[in-house]
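A structural walkthrough
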Amino acid sequence: MLNFEIKKILVKPVNKIVLLVLVAALLVGSFLTLRDVTYTTEGGEVLRGISAAKELKSAKNEWKGELTEDVLRQVIEENQKILAETPDLDEASVKQQGLRDIHEMLNNGFAGFDEWDYYRADSLSPEEAAGIYQIRVDSLKEYLSRDEVKDTFSEKEKEFLISQWENLKTPFYYEYAEGWKALLDSQYLPTLMTLLVVILGALVAGIFSDEYSWKADSIFFSSKLGRNKAVLSKIGAGFLITTVLYWASILLFTIIILGALGVGGANCPVQLGESNWMSIYNWTYLQKYFFVTIGGYVGSIFITLLAMTVSAVTRSTVIAVVIPFALSCAPMFLGRITILTRLVSFFPDMLLRICTYHDEFLLCQIGGKVMGVFTFLIPLYVVLCLGIVPVLYLVYKKAEVK
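Just so it is clear, the structure is predicted and the values come from calculations on it, not from any experiment. (Residues numbered from 1 in each chain as written. Predicted model: local features only at pLDDT ≥ 70, side-chain atom pairs only at ≥ 80, totals over all residues. Heavy atoms only, no water.)

Turning next to the state of the cysteines. In total, this model carries 0 disulfides according to the counting rule given. You can see Cys 268 has no disulfide; the closest cysteine sulfur is in Cys 355, sitting 17 Å from it. A relative accessible area of 1% places Cys 268 in the buried class. Note on Cys 364: no disulfide assigned, nearest cysteine sulfur contributed by Cys 385 at a separation of 18 Å. (Disulfide = S-S within 2.5 Å. Buried < 20%, exposed > 50% of the residue type's maximum accessible area, 1.4 Å probe, protein only.)

Confidence in the prediction of the protein chain, expressed as mean pLDDT, is 85, and 92% of residues score 70 or more. Per-residue pLDDT, averaged within each element of the protein chain, yields its smallest value for helix 13 (residues 217-222) (52) and its largest for strand 4 (residues 173-174) (94). (pLDDT = per-residue confidence, 0-100. Helix = DSSP H or I, 4+ residues; strand = E, 2+ residues; numbered from the N terminus.)

Our focus in this paragraph is the layout of surface pockets. Space inside the largest pocket adds up to approximately 490 Å³. Lining the largest pocket are 18 residues, and of these Asp 36, Glu 104, Glu 178, Lys 181 and Glu 274 lie nearest its centre. Across the lining of the largest pocket, the residue classes tally to 3 nonpolar, 6 polar and 9 charged. Its boundaries defined by the atoms lining it, the second largest pocket holds a volume of some 330 Å³. Residue lining of the second largest pocket: 17 residues in total, with Ala 59, Val 94, Lys 95, Gln 97 and Gly 98 positioned closest to the centre. Those elements giving two or more residues to the lining of the second largest pocket turn out to be strand 1 (38-40), helix 3 (50-60), helix 4 (69-85) and helix 5 (89-95). Element by element, the count of residues in the lining of the second largest pocket is highest for helix 4, at 4 residues. A breakdown of the residues in the lining of the second largest pocket according to their chemical character gives 6 nonpolar, 4 polar and 7 charged. (1 Å grid on protein atoms, 1.4 Å probe; cavity = no way out; pocket = protein on both sides within 12 Å on 5 of 7 lines; lining within 4 Å. Points joined across faces, edges and corners; volume = space filled by probe spheres on them. Nonpolar A, V, L, I, M, F, W, Y, C, P; charged D, E, K, R; others polar.)

What follows deals with the environment of Ala 330. By secondary structure assignment, the location of Ala 330 is in helix 16 (residues 317-334). On the basis of relative accessibility, which here comes to 32%, the residue Ala 330 falls in the partly exposed class. Through-space distance from the C-alpha of Ala 330 to that of Asp 349 is 9.1 Å; in sequence the pair is 19 residues apart.

Note the cis peptide between Thr 170 and Pro 171, where omega equals 0°. Along the chain, Pro 171 turns up in the loop between helix 9 (155-166) and strand 4.

Centre-to-centre distance and the angle between the planes together describe a pair of aromatic rings. Going through the model one piece at a time under the given rule, you end up with 15 aromatic pairs. Centroid distance Tyr 289 to Phe 290: 6.1 Å. Interplanar angle 65°. Geometry classified as edge-to-face. The class of Phe 290 is partly exposed, set by a relative accessible area of 45%. Consider the rings of Phe 346 and Phe 376, whose centres lie 6.1 Å apart with planes at 80°: the pair is edge-to-face. Here Phe 376 lies in helix 19 (residues 373-397) and Phe 346 lies in the loop between helix 17 (338-344) and helix 18 (354-357), a separation of 30 residues in the sequence. Ring pairing ties together the aromatic residues Tyr 143, Phe 153, Trp 165 and Phe 361, which thus form one cluster. Directly above the aromatic system of Trp 165 lies the positively charged group of Arg 136, at a separation of 3.8 Å from the ring centroid. When the ring centre of Trp 277 is taken as origin, the NZ or CZ atom of Arg 136, which lies over that ring, is 5.3 Å away. (Phe/Tyr/Trp six-rings, centres within 6.5 Å; stacked < 30°, edge-to-face > 60°. Lys NZ or Arg CZ within 6 Å of the ring centre and 35° of its normal.)

Now for helix 2 (residues 13-35). An ideal rise of 1.5 Å per residue puts 33 Å on 23 residues; helix 2 measures up with 33 Å between its terminal C-alpha atoms. Taken as a whole, helix 2 has its buried residues at Asn 15, Val 18, Leu 22, Leu 26, Gly 29, Ser 30, Thr 33 and Leu 34. (Expected span 1.5 Å × (residues − 1).)

Let us now look at the side chain of Ser 316. Checked against the element boundaries, Ser 316 lands in the loop between helix 15 (285-314) and helix 16. For Ser 316, a relative accessible area of 17% gives the class buried. Here the side chain of Ser 316 touches Ile 319 through a polar contact of 3.2 Å, landing on its backbone nitrogen. The contacts of Ser 316, once residues within four sequence positions are left out, are Ser 209 and Ser 311. (Polar contact = N/O pair within 3.5 Å; in protein donor to acceptor, adjacent residues only side chain to side chain. Contact = heavy atoms within 4.5 Å.)

All right, on to the pairing of strand 6 (residues 369-372) then. Looking along a regular strand, one sees the side chains alternate between the two faces of the sheet. When strand 5 (residues 363-366) meets strand 6, the two strands line up antiparallel, connected through 4 bridges. Residue pairing across strands places Cys 364 opposite Met 371, the latter belonging to strand 6. Turn length for the strand 5-strand 6 hairpin, with the two strands adjacent in sequence and antiparallel, is 2 residues, and the turn residue Gly 367 shows positive phi of about 60°. (Pairing = 2+ DSSP bridges.)

Take Ser 186: it is sitting in the loop between helix 10 (178-184) and helix 11 (188-204). Judged by its relative accessible area of 16%, Ser 186 is buried. Looking at Ser 186, its side chain comes within polar contact range of the main-chain oxygen of Ala 182, at 3.0 Å. Within the structure, Ser 186 has its side chain in polar contact with the backbone nitrogen of Tyr 188 (distance 3.4 Å).

Remark: helix 14 (residues 229-261) packs on helix 15, axes separated minimally by 10 Å, with the N-to-C direction vectors making an angle of 150°. Relative to helix 15, helix 14 is oriented roughly antiparallel. Judged by the sense of rotation from one axis to the other, the crossing of helix 14 with helix 15 is right-handed. Side by side, helix 14 and helix 15 meet where Gly 238, Phe 239, Thr 242, Thr 243, Tyr 246, Trp 247, Ile 250, Leu 251 and Thr 254 of the first sit next to Tyr 289, Val 292, Thr 293, Ile 294, Gly 296, Tyr 297, Ser 300, Ile 301, Thr 304 and Met 308 of the second. Residue composition of the contact of helix 14 with helix 15, grouped by class: 11 nonpolar, 8 polar and no charged. (Axes fitted to C-alpha atoms, helices over the stretch in contact; angles between N-to-C directions. Parallel < 35°, antiparallel > 145°, perpendicular 65-115°, else oblique. Left-handed = near helix turned anticlockwise from the far one by under 90°.)

In structure tokens, the structure reads:
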């Protein structure tokens, strides 16, 4: 029965087209992700993708190891040497490519908590640069004490934020990590996850409503196993389709990106990434990858199960198809409405965008314990997924024949 239900999903002409769209999106997304990795030669030629990764790896791994105070001093001295020998900023930028990650880290730390100055590191002395780790913590404390911010967070939340920043392991371990940055720090992975949910929703939306549209519901429910094993087979088919296609897509995307750009840098802290400096999660890139992909899977399962439940209740494939699109796309716009911002941060679509929002101060407090919102959302939606399955089963098992 399970195989039959899966076959019914895959043989639909419209679903075949949807799967082709998914494959095309994967290939296009992979190409664009690789193309964003660039290296400029001294002759001015811009290399992209694999050829750029090879040059970047050689240049950046000259600084491989822990970014101690002595190393940071050396970086600033090298940077000052480049600027002194190369007055032209464009030419200097080419020579700075090997130390650009560390340069950007210093920019983030010294430009101000919520500000940005691309050239801030150029004006630092070696001794100033050596204090970057303490500066990071001090800047957070200064930010939380501002008049316009101090009432935004409770005292417990402030203590949590400060403790997370203080507990971040320093000095940072550094090496070439362009593969992980391309995979996790760009918008392509969360975009792929959003598209995946919409496509998965389209594939499973008809599982429970097709019997009615085909006028086969009377035969289905009057059969010997129609109200028990057959219903379980439909649920199992939706779960397997979602699971297999989600992980196949994510792993294929991962293999393409890391295969082309390299797997080095998995143990670097995410704070080394330009957009992750303020992250409250003390993850390495490898840990972030697991949180992002597992969170995305939980969110995908919940949304597709909900779509199947709507399909069973309304007996409409069209209405069921709307659910994944609404839950994965609409909250992004609703979040711009001030009174809804807090509420929207608990929607399941947030699990598809951990890459995007893990550096924002999204907190929740449960039983007096403060935690990052994603630490709460993943187990919450696991429980909701487990709760929705028996509801879906009972709804369809007790459905009346037209």
